[in-house]
Amino acid sequence: MKIAVSGKGGVGKTLLSAFLAQAFAHDGYGVIAIDADPDANLGASLGFPDSDKIVPISHLKELIRERTGAKESAGGAYFKLNPRVDDLPDEYSLTHNGIRLLVMGEVKRGGSGCYCPENVLLGALMSHLLLRRDEMVILDMAAGIEHLSRGTAKAVDRLIIVVEPGQASMETAHRVKKLANDIGIQELAIVGNKVRNADEEAYIRKGVKDLDMLGVIPYDAGLVDAQMRGVPIIQNQAIKSSVDAIYAKLTARAN
Ligand SMILES: Nc1ncnc2c1ncn2[C@@H]1O[C@H](COP(=O)(O)OP(=O)(O)OP(=O)(O)O)[C@@H](O)[C@H]1O
Ligand SMILES: [Mg+2]
């Protein structure tokens with residue numbers, strides 16, 4: 001299964017990605033967790049030691065040059081559009097508690113689809129991970145879905161959009177749904193997060209409209225406290241039990 005997680009900034013995409021990765025690993029699956037947020041913190045959430053020292057792939061200038069053969073010349077830049085990437089997941093990932101973590105770094109923006117060596121390498125790596133690897137993939141994305149393309153979309157078994165009580169994240173969810181449908185992802189689901197009471201849950205359930213609801217995660221003040229003490233969020237038991245219910249639903253539907 002390949003699962004992508006999206007939603008508005010700060011709704012809990014990384015939190016859900018981390019707990020899902022943990023649930024799959026606990027069930028014995030090989031798991032690749034991909035941090036595709038430029039402001040990467042999936043490693044820290046999963047409790048990877050020295051997570052602040054992980055260098056994102058997009059920062060590995062020498063590797064990018066070597067793989068794409070990028071050369072600057074008077075006539076412009078030249079580089080390969082199909083760089084070799086099959087060895088990168090093993091070479092440039094870290095493993096902790098049975099989860100392999102790959103930190104992608106930022107996709108450069110610019111004109112229409114900015115063809116630059118960094119993006120070509122990241123794109124090739126993403127499609128390798130989604131299309132050619134057998135492991136479970138959990139893709140923690142920034143607020144949009146620009147890491148996915150028409151080509152990789154078909155490999156995504158489920159795009160989970162995280163929302164919190166409030167209009168803004170609902171609007172983002174419906175926007176992401178449209179973008180996802182445009183590139184060919186049909187299997188969408190919603191997870192509500194930071195839910196404090198039945199009214200908030202009802203608000204979310206009403207707002208998701210025709211989208212499939214996988215479940216809700218309660219707001220837990222203990223998380224803030226744990227973060228201040230530097231405890232990985234993955235150790236929070238209340239969140240774990242609600243994500244376990246979501247995990248059960250997710251895997252039941254896949255079979
Ligand atoms: N259920 C929850 N209860 C309490 N705090 C939460 C909950 N879920 C997430 N948070 C807190 O909200 C903040 C944002 O969560 P997280 O980083 O998972 O969101 P995100 O969507 O990945 O954000 P970004 O868009 O910045 O990548 C974090 O400080 C996190 O600890
Ligand atoms: Mg995040």
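Placed above this text is the structure.
Participant: Account for the overall build of the protein, with residues named and values stated.
Facilitator: When helices and strands are counted, the protein shows ten helices and ten strands. Here the C-alpha atoms of the protein give a radius of gyration of 18 Å, agreeing with the 18 Å that 2.2 N^0.38 yields for 255 residues. Taken across its 255 residues, the protein has 44% of its residues classed as buried. For the protein, restricting intrachain contacts to residue pairs at least 6 apart in sequence, the fraction spanning at least 24 positions comes to 75%.

Participant: I'd like to hear about helix α7 (residues 167-182), residue by residue, with values.
Facilitator: Relative to the 22 Å expected for 16 residues at 1.5 Å per residue, α7 spans 23 Å between its end C-alpha atoms, a close match to the ideal helical length. Inspection of α7 places Ser 169, Met 170, Thr 172, Ala 173, Val 176, Lys 177 and Ala 180 among the buried residues, and these make up the whole buried set. Down the axis of α7, the buried side of the element spans an arc of 155 degrees, and every buried residue falls inside it. Turned more than 90 degrees away from the buried face of α7, the exposed residues are Gln 167, Ala 168, Lys 178 and Asp 182. Where the residues of α7 are buried, they touch β1 (2-7), β8 (158-163), β9 (188-195) and α8 (198-207). Gly 184 occupies a position one or two residues after α7 and carries a positive phi of about 100 degrees.

Participant: Please provide a residue-by-residue account of the pairing of β1, values included.
Facilitator: Burial runs high along β1: six of the six residues are buried. Because side chains alternate across β1, one face comprises the buried residues Lys 2, Ala 4 and Ser 6, and the other comprises Ile 3, Val 5 and Gly 7, equally buried. In this structure, β1 lies alongside β8, joined through five bridges in parallel fashion. Bridging across to β8, Ser 6 finds its partner in Ile 161.

Participant: Quick rundown of the site of ligand 1? Include the residues and the values.
Facilitator: With respect to spatial proximity, 20 residues lie near ligand 1, and among them Gly 9, Gly 12, Lys 13, Thr 14 and Leu 15 are the closest. Those elements that place two or more of their residues in the shell around ligand 1 are α1 (13-26), β9 and α9 (222-228). The dominant element in the shell around ligand 1, judged by the number of residues it contributes, is α1, at three residues. Broken down by class, the residue content of the shell around ligand 1 amounts to eight nonpolar, seven polar and five charged.

Participant: Please give an account of unusual backbone geometry that cites residues and values.
Facilitator: With phi around 50 degrees, Asn 97 is a residue other than glycine that occupies positive phi space. Tracing the backbone through its elements, the reader meets Asn 97 in the loop between β5 (94-96) and β6 (99-103). Residue Asn 97 is classed as partly exposed on the basis of its 13 C-beta neighbours within 10 Å. Of note in this structure, Lys 194 is not a glycine but carries a positive phi near 60 degrees.

Participant: Describe the sheet that holds strand β10 (residues 212-218), listing the residues and the values that go with them.
Facilitator: Taken together, the eight strands give an open sheet; going across it, the order is β5-β6-β2-β7-β1-β8-β9-β10, and neighbouring strands pair in mixed fashion. Taken across any chain shown, the strands that pair with only one partner, and hence form the sheet edges, are β5 and β10. Neighbour-to-neighbour, the strand axes of this sheet turn through a mean angle of 25 degrees, independent of strand direction. Across the face of the sheet, α7 comes into contact with β1, β8 and β9 while running at roughly 165 degrees to β8. Docked against the sheet, α8 engages β8, β9 and β10, running at close to 160 degrees with respect to β9.

Participant: Which residues make up the packing of helix α3 (residues 61-68) against helix α5 (residues 117-131), and what are the values?
Facilitator: Between α3 and α5, the least distance of the axes is 10 Å, while the angle of their chain directions is 80 degrees. Classed by the angle they form, the pair α3 and α5 counts as roughly perpendicular. On α5, the residues that touch Ile 64, Arg 67 and Thr 68 of α3 are Pro 117, Glu 118, Val 120 and Leu 121. Looking at the contact of α3 with α5 residue by residue, the class counts come to four nonpolar, one polar and two charged.

Calculation rules
- Residues numbered from 1 in each chain as written.
- Chains lettered and ligands numbered in written order.
- Predicted model: local features only at pLDDT ≥ 70, side-chain atom pairs only at ≥ 80, totals over all residues.
- Helix = DSSP H or I, 4+ residues; strand = E, 2+ residues; numbered from the N terminus.
- Rg over C-alpha atoms; globule rule 2.2 N^0.38 Å.
- Buried ≥ 20, exposed ≤ 12 C-beta atoms within 10 Å, placed from the backbone.
- Contact = placed C-beta atoms within 7 Å.
- Expected span 1.5 Å × (residues − 1).
- Arc of directions from axis to C-beta.
- Pairing = 2+ DSSP bridges.
- Near = placed C-beta within 6 Å.
- Nonpolar A, V, L, I, M, F, W, Y, C, P; charged D, E, K, R; others polar.
- Axes fitted to C-alpha atoms, helices over the stretch in contact; angles between N-to-C directions.
- Parallel < 35°, antiparallel > 145°, perpendicular 65-115°, else oblique.

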